[in-house]
Amino acid sequence: MTLAATTPRDPYASRFADEWEAVKREDPIVWGDGDGPLCRDELRSYGTEGYLPLDKLIDRQQAAELLREARRLADAADPDKMDVIIEPGGGAVRSIFRVHRTNELFRQVCKSPRVAGIARQILGGEVYIHQSRINFKPACSGKEFFWHSDFETWHVEDGMPRMRALSMSINLTENNEFNGPLMVVGGSHELYIRCVGDTPDNHFQDSLRRQEYGVPPREALELLVEAGSGIAAPKGPPGSATLFDCNTMHGSVGNLSPYPRTNLFVVFNSLENALIEPFGGKPPRPEFLGERDPVEVSQL
Ligand code: 6CS
Ligand code: FE
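J.: I'm lost on the coordination of the iron ion (ligand 2) in this one. Help?
T.: Octahedral six-donor coordination of a metal ideally yields angles of 90 or 180 degrees, compared with 109.5 degrees for tetrahedral four-donor coordination. Surrounding the iron ion (ligand 2) are the protein donor atoms His148 (NE2), Asp150 (OD) and His250 (NE2), at 2.1 to 2.2 Å. Every donor counted, the four donor atoms about the iron ion (ligand 2) form angles of 57 to 150° at the centre, which fits irregular coordination. Sequence spacing of the donor residues for the iron ion (ligand 2), all on one chain, is H-x1-D-x99-H. With histidine 148 in strand 6 (residues 145-148) and histidine 250 in strand 12 (residues 250-252), the pair connects residues that are 102 residues apart, well separated along the chain.

J.: What's the story with the sheet that holds strand 5 (residues 127-135) in this structure? I'm lost.
T.: Strands pair in a sheet through their backbones, by hydrogen bonds, and they do so in one of two ways: parallel or antiparallel. In spatial order, the strands read 2-11-7-13-5-4-3; together these seven strands make up an open sheet with antiparallel pairing. Two strands lie at the open edges of the sheet, namely strand 2 (51-54) and strand 3 (84-86), each paired on one side alone. Mean inter-strand twist for the sheet, computed between neighbouring axes without regard to direction, equals 15°. Of the pairings in the sheet, the one linking strand 7 (residues 165-171) to strand 11 (residues 241-245) comprises five bridges and is antiparallel in character. Opposite serine 167, over in strand 11, you have phenylalanine 244 as the bridge partner. Packing of helix 2 (residues 40-49) onto the sheet brings it into contact with strand 2, strand 7 and strand 11, and relative to strand 2 it is tilted by some 135°. Relative to the sheet, helix 6 (residues 113-123) contacts strand 2, strand 5, strand 7, strand 11 and strand 13 (263-270), its axis offset from that of strand 7 by approximately 150°.

J.: Could you clarify how one ought to interpret the environment of proline 161 in this entry?
T.: Note that proline 161 resides in the loop between helix 7 (150-158) and strand 7. With 44 residues separating them along the chain, proline 161 and glutamine 205 place their C-alpha atoms 23 Å apart. Setting aside residues no more than four positions away along its own chain, proline 161 makes contact with Tyr12, Phe151, His155, Asn273, Ala274, Leu275, Ile276 and Phe279.

J.: Would you mind showing me how to read the sheet that holds strand 6 here?
T.: Strands sit in the order 6-12-8-10 across an open sheet of four strands; the sheet is antiparallel. What marks the edges here is a single partner per strand, and that holds for strand 6 and strand 10 (230-232). Neighbour-to-neighbour, the strand axes of the sheet open up by a mean angle of 25°, direction not taken into account. Inspection of the sheet shows strand 8 (residues 183-186) paired to strand 12 by two bridges, in the antiparallel sense. From the neighbouring strand, valine 184 faces strand 12, where its bridge partner is histidine 250. Sheet strands in contact with helix 9 (residues 218-227) are strand 6, strand 8 and strand 10, and its direction is about 60° off that of strand 8.

J.: Is there a simple way to explain the packing of helix 3 (residues 60-76) against helix 5 (residues 104-111) in this structure?
T.: Any two packed helices are characterised by the angle at which their axes cross and by the distance between the axes. At a closest axis distance of 10 Å, the pairing of helix 3 and helix 5 adopts a crossing angle of 140°. As judged from the angle between their axes, helix 3 and helix 5 are oblique. The chirality of how helix 3 crosses helix 5 is left-handed. Listed contacts from helix 5 to Gln62, Glu65, Leu66, Glu69, Ala70 and Leu73 of helix 3 are Leu105, Phe106 and Val109.

J.: Got a minute to help me understand the packing of aromatic side chains in this structure?
T.: Given two aromatic rings, one states the distance between the centres and the angle between the planes to describe the pair. Scanning the entire structure with this criterion turns up six aromatic pairs. Ring geometry for phenylalanine 151 and tyrosine 192: centres 6.1 Å apart, planes at 75°, overall edge-to-face. Highlighted residues: phenylalanine 151 in helix 7 and tyrosine 192 in strand 9 (residues 191-194), separated in sequence by 41 residues. Its relative accessible area of 0% is what places tyrosine 192 among the buried residues. Between the aromatic rings of phenylalanine 244 and phenylalanine 265, the centroid separation amounts to 6.4 Å while the plane-to-plane angle is 85°, which identifies the pairing as edge-to-face. Linking phenylalanine 244 in strand 11 with phenylalanine 265 in strand 13, this pair joins segments that are 21 residues apart in sequence.

J.: Before we go on, may I ask you to explain helix 5 in this structure?
T.: Structural remark: α-helix, 3.6 residues per turn; residues separated by three or four positions point the same way. Along helix 5, the positions that sit buried rather than exposed are Phe106, Val109 and Cys110. Taken down its axis, helix 5 places every buried residue within 100° of arc, on the same side. Buried residues along helix 5 sit in contact with helix 3, helix 4 (99-102), helix 6, strand 5 and strand 13. Where helix 5 begins, one side-chain oxygen reaches toward the backbone nitrogen of leucine 105, 3.0 Å away; that side chain belongs to asparagine 103.

Reading the values: rules and limits
Residues numbered from 1 in each chain as written. Chains lettered and ligands numbered in written order. Predicted model: local features only at pLDDT ≥ 70, side-chain atom pairs only at ≥ 80, totals over all residues. Heavy atoms only, no water. Donors = N, O, S within 2.8 Å, 3.2 Å for Na, K, Ca; no water. Tetrahedral: all angles 85-135°; square planar, octahedral: opposite > 155°, others 65-115°. Helix = DSSP H or I, 4+ residues; strand = E, 2+ residues; numbered from the N terminus. Pairing = 2+ DSSP bridges. Axes fitted to C-alpha atoms, helices over the stretch in contact; angles between N-to-C directions. Contact = heavy atoms within 4.5 Å. Parallel < 35°, antiparallel > 145°, perpendicular 65-115°, else oblique. Left-handed = near helix turned anticlockwise from the far one by under 90°. Phe/Tyr/Trp six-rings, centres within 6.5 Å; stacked < 30°, edge-to-face > 60°. Buried < 20%, exposed > 50% of the residue type's maximum accessible area, 1.4 Å probe, protein only. Arc of directions from axis to C-beta. Polar contact = N/O pair within 3.5 Å; in protein donor to acceptor, adjacent residues only side chain to side chain.

Below, the structure is given as structure tokens:
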């Protein structure tokens, strides 16, 4: 008898071997029957590419109001709080987490009919917010986010069972080629990269500033770029957004422009895909990174 025959199989096991590996995704991408705010072509494109840019997810005025609120939160942020992340090298605020629970304006946008409705449409049923954050990317100094699949981290470190989650990156400032916009690899959601390396204890204390585990080697990135439709960096004004599947390979470079690039990230997960014990065998990360007490989004 082989070991594989007796070991419960985790299709998305990662960070256990010395070599990386690409395996096929085992889950649907669009789980719903199609009803919701997105039109058929948008839904089809999301399914094929693993991401979808939207010119206007929220209106410009609301984006401006959220940006003012984001700046106010950054100015008032206590750098010693766990959910406030400072840029590597110190100084400016890089991210503030869990704003859907701690701030009324951000709570409202997360549960608004269009935003939550799109999440329900793609994920096929009721959803909750697994994680939210503002990424500030300060002017001239905001550092990169290296390539990664969110799902790899959420599966290994948080215990997200299946690929039934998505992110919305909502642009509160313009995103352009100078300020480190989100980059996505089209079609990469179809393959899962098992990463190498043994996750250190309390990995999140470093990974949120600079991720080193759960990231693909150059060869894996090359495979994804060549198997899919290549790298895209959707740009847009305040209020535009990019939706992307939880397994879409993505990252962003630093901000060398003289203005901040500020985005709201909201991660929706299906209520049927709530977190269990982390698949990597370590204790779960704190709640601000992965909600362990899901509340249906309309009840927030
Ligand atoms: O840790 C998280 O949940 C998110 N942040 C990083 C830097 N990588 C994985 C995931 O996107
Ligand atoms: Fe990410």
